Amino acid sequence: MNLMSKISVLLTVPFLVLTGCSQPPMKPVSGTEVATESGRVIGVAGNDQVIHWQDIPFAQPPVGNLRWRAPQRYSNANGEIQARESTICVQESGAISGTEGASFVGSEDCLYLDIVAPGSVRDQALPVMVWIHGGGNTSGTKDTYDFSALAHDQHVVVVTINYRLGPLGWMTHPSIQGEAEGLDKSSNFGQLDIIAALEWTQRNIEGFGGDQNNVTIFGESAGGHNVYALLASPLANGLFHRAIAQSPYTTTVTPRQAFNRDREFPELDRGSWEVVQALGLDPDTTSGDALRSIEVYDLMGAYYSLEKDHLSPLSTADGIVIPAVGMAQALADPQYAKSVPVLSGSNRDEVTLWMGLNRYFVNGDPVLFGLLPPRMSVKNEETYRYWVDLRSRAWKARGVDQAMLNLGAAGYESLYTYRFDWDEQAESWFISFPSLLGASHGAEIAFVMGAPMFGPIGDYMYPDTSSAREMTNIMMSAWGNFARKGQPGAVVGNPWPPFLADAPHTMVLDGVSSSQVVMESPTLGELLREIEAPSSLDATERCLLMWEMVTNIGQPIYDEYARWNNGECGDFNVRNAKAAIKAALLEQYGSTSLP
């Protein structure tokens, strides 16, 4: 049981008193049946504010011979769509998918979407917002997110979608692409699923009160990355009219790297050559039919049996979905430009979501002999804050600012950036959420939704306070304004100017009293020079931090790592250093992260 699960168990009873009755059971609503190409679907509701249409298939199940092929259109206009017990795409079990227990969960039959809209407005043409969930493109599900409050408050129609994940969503192997034609030759099946969902939305959303001529795509983390993929993809032309990328990144690999025969690229893990070998098959001669016949959990077992020390192939510059030059360069190329308004941003403390559970940085003092969650505290506050600050600013420099500069070079004119700083979570005796996590990766999602995430833990991260309500209003209003007009509008009276190469305005989102516009846009190179200055880090930590700075969020820059500070880390073996730290933590604590 992980930390979040332990705290959830501890807090479930008291929080049931507060929130157990807040979500009425969903019931069918008369007069809400919509005829779609996928079948007829009846809306359900727990109150009279919004209507939900659930588990609508937008493509044929990608099973059997359709595994590792482009999604096929699903047509069953005379059928009746029923809510399903589960639509999770195949992935490891865990907190992101809301599952515990078995190693893997989900089904290949998972290409479904949900729609939520304000009640009694189906005769209008409202802005449409299509949410692309995060999870590293290896985990996650549409069912984690409830945009009811956003739909009601901002008068928009919100679509949430699933897409294939991990080795089912991204696979490059000669026996797969070599035997294929057309879109089936792609490596990016997960992103093709997202495109298919947008095509379905264009054809069907009018029946739900949505305007197919005003569609905003928005997503966080891998979802933000996939927003960038759609901006770069020639296959997505005309499918959306605005884009919001929350905590995005631009990393892609080449098809050759994705195959990674004989580990030609030693810093890449889980290439398809290794995966097929882990299945006990010959990675050079195995046929596509043989790979498609493998039981899906066996495939996942082979994939996750391989160590992942750094980058594993996912989004691939296949020349079909993502141009062969790669995502970052394609964003700067006018031939791929969509010329739509784009809003992009990151969180001030992005990396605390991972560092905050890492025993290298954080203590976990046992409580009641381990029966309760450990009481957590930072070991070295100066080192922790320094690491968090540099890595999080590097996220913005690479994932936000550089991507926006590239879009500007391609001719985009309406570009806006933000930094989410809000950190007024509730305190707990077990963990100080404001000091340990702060404005962490994903923390902003609850304020866009207007609802907590992660069960009872969400009531700490998203407390019922005036500050949280003010922040929710700011976020919802900005996202809603952007969906309607292509501009986020003023924040607490402060105009939100566009991001320009010579005026890189960023709106700091931090409540009524602290939201403001700044023009702080350090490049990665400038941030790397900061590490050269004396700090609390020792020599090993300096090189590890430097490595993380140049190998995350964008294309790895190995040459920069070797050259940095007159070659300080040129002979430093990152893998060996990480292995030594892992071994030391295992010997001392029995684990590398808090349980």
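Residues numbered from 1 in each chain as written. Predicted model: local features only at pLDDT ≥ 70, side-chain atom pairs only at ≥ 80, totals over all residues. Heavy atoms only, no water.

**Student:** What is the right way to look at the pattern of salt bridges in this model?
**Tutor:** Where side chains of opposite charge bring their charged atoms close, a pairing between them can arise. Enumeration over the complete set of coordinates arrives at 30 salt bridges. With a shortest N-O distance of 3.7 Å, Asp309 and Arg575 are connected by a salt bridge. In this pair, Asp309 is assigned in the loop between α10 (296–305) and α11 (327–331) and Arg575 in helix α22 (residues 574–589), connecting sequence segments 266 residues apart. (Salt bridge = Lys/Arg side-chain N within 4 Å of Asp/Glu carboxyl O. Helix = DSSP H or I, 4+ residues; strand = E, 2+ residues; numbered from the N terminus.)

**Student:** I keep staring at the packing of aromatic side chains and nothing clicks. Help me out?
**Tutor:** Per the counting criterion, the structure on display carries 24 aromatic pairs. An angle of 85 degrees between the planes, with centres 5.0 Å apart, marks the rings of Tyr303 and Tyr304 as edge-to-face. Tyr303 gets classed as buried once you look at its relative accessible area, which sits at 2%. Assessed through its relative accessible area of 18%, Tyr304 is described here as buried. (Phe/Tyr/Trp six-rings, centres within 6.5 Å; stacked < 30°, edge-to-face > 60°. Buried < 20%, exposed > 50% of the residue type's maximum accessible area, 1.4 Å probe, protein only.)

**Student:** I'm lost on the nonpolar core in this one. Help?
**Tutor:** Within soluble globular proteins, side chains that are nonpolar generally end up buried alongside one another. The biggest cluster of nonpolar side chains holds 83 residues, and the ones touching the most others in it are Ile115, Leu231 and Phe240. By residue number, the principal contributor to this core is helix α5 (residues 189–204), which donates eight residues. The contact partners of Phe240, leaving out residues within four places of it in the chain, are Leu198, Val215, Ile217, Leu230, Leu231, Lys338 and Val340. Counting 80 residues, the second-largest nonpolar core is a separate cluster that includes Ile445, Phe482, Val491 and Leu527. (Core = buried A, V, L, I, M, F, W, Y, C linked by side-chain atoms within 4.5 Å. Contact = heavy atoms within 4.5 Å.)

**Student:** Quick question: what am I supposed to make of the state of the cysteines here?
**Tutor:** Structurally, a disulfide amounts to a covalent bond that connects the sulfur atoms of two cysteines. Scanning the model with the defined rule gives two disulfides in all. What pairs with Cys89 in a disulfide is Cys110, and their sulfur atoms sit 2.1 Å apart. Handedness here is read from the sign of the S-S torsion; for Cys89 and Cys110, about 90 degrees, the answer is right-handed. Of this pair, Cys89 sits in the loop between β5 (50–57) and β6 (91–92) while Cys110 sits in the loop between β7 (104–105) and β8 (112–118), and the two are 21 residues apart along the sequence. Linked covalently through their sulfurs, Cys543 and Cys569 form a disulfide whose S-S length is 2.0 Å. Of note, the bridge from Cys543 to Cys569 carries an S-S torsion of about -95 degrees and is left-handed in sense. A residue pair is termed long-range when its members are at least 10 positions apart, and Cys543 in helix α20 (residues 539–551) and Cys569 in the loop between α21 (558–567) and α22 qualify at 26 residues. (Disulfide = S-S within 2.5 Å.)

**Student:** Help me out: how do you make sense of the layout of surface pockets in this one?
**Tutor:** Sizing a probe to match a water molecule and rolling it over the atoms shows the empty space that remains. Empty space within the second largest pocket amounts to approximately 370 Å³. Forming the boundary of the second largest pocket are 23 residues, of which Ala397, Arg398, Gln402, Ala403 and Leu524 lie nearest the centre. A total of seven residues in the lining of the second largest pocket trace back to one element, the largest contributor, which is helix α13 (residues 381–409). For the lining of the second largest pocket, the class distribution of residues is 13 nonpolar, eight polar and two charged. (1 Å grid on protein atoms, 1.4 Å probe; cavity = no way out; pocket = protein on both sides within 12 Å on 5 of 7 lines; lining within 4 Å. Points joined across faces, edges and corners; volume = space filled by probe spheres on them. Nonpolar A, V, L, I, M, F, W, Y, C, P; charged D, E, K, R; others polar.)

**Student:** Sorry if this is basic, but what is going on with the packing of α5 against helix α6 (residues 222–232) here?
**Tutor:** Two measures define how a pair of helices packs: the angle their axes make with one another and the distance between the axes. Taken N-terminus to C-terminus, the directions of α5 and α6 make an angle of 75 degrees; their axes are 11 Å apart at the nearest point. Relative to α6, the element α5 is oriented roughly perpendicular. Counting all contacts with α5, which are made through Gln191, Ile194, Ile195 and Leu198, the residues of α6 involved are His225, Asn226, Ala229 and Leu230. A class-by-class count of the residues in the contact of α5 with α6 yields five nonpolar, three polar and no charged. (Axes fitted to C-alpha atoms, helices over the stretch in contact; angles between N-to-C directions. Parallel < 35°, antiparallel > 145°, perpendicular 65-115°, else oblique.)

**Student:** What's the story with α13 in this structure? I'm lost.
**Tutor:** Within an α-helix, residues lying three or four positions from one another point in the same direction, as the helix has 3.6 residues per turn. With 29 residues, α13 should cover 42 Å at 1.5 Å per step; its first-to-last C-alpha distance of 40 Å lies within 8% of that length. The axis of α13 is deflected most strongly, by about 30 degrees, at Ala397. Backbone nitrogen of Glu382 and a side-chain oxygen of the N-cap are separated by 3.1 Å at the start of α13; the cap is Asn380. Looking at the residues trailing α13, positive phi occurs at Gly411, about 105 degrees. (Expected span 1.5 Å × (residues − 1). Bend = angle between axes of the 7 residues up to and from the residue. Polar contact = N/O pair within 3.5 Å; in protein donor to acceptor, adjacent residues only side chain to side chain.)

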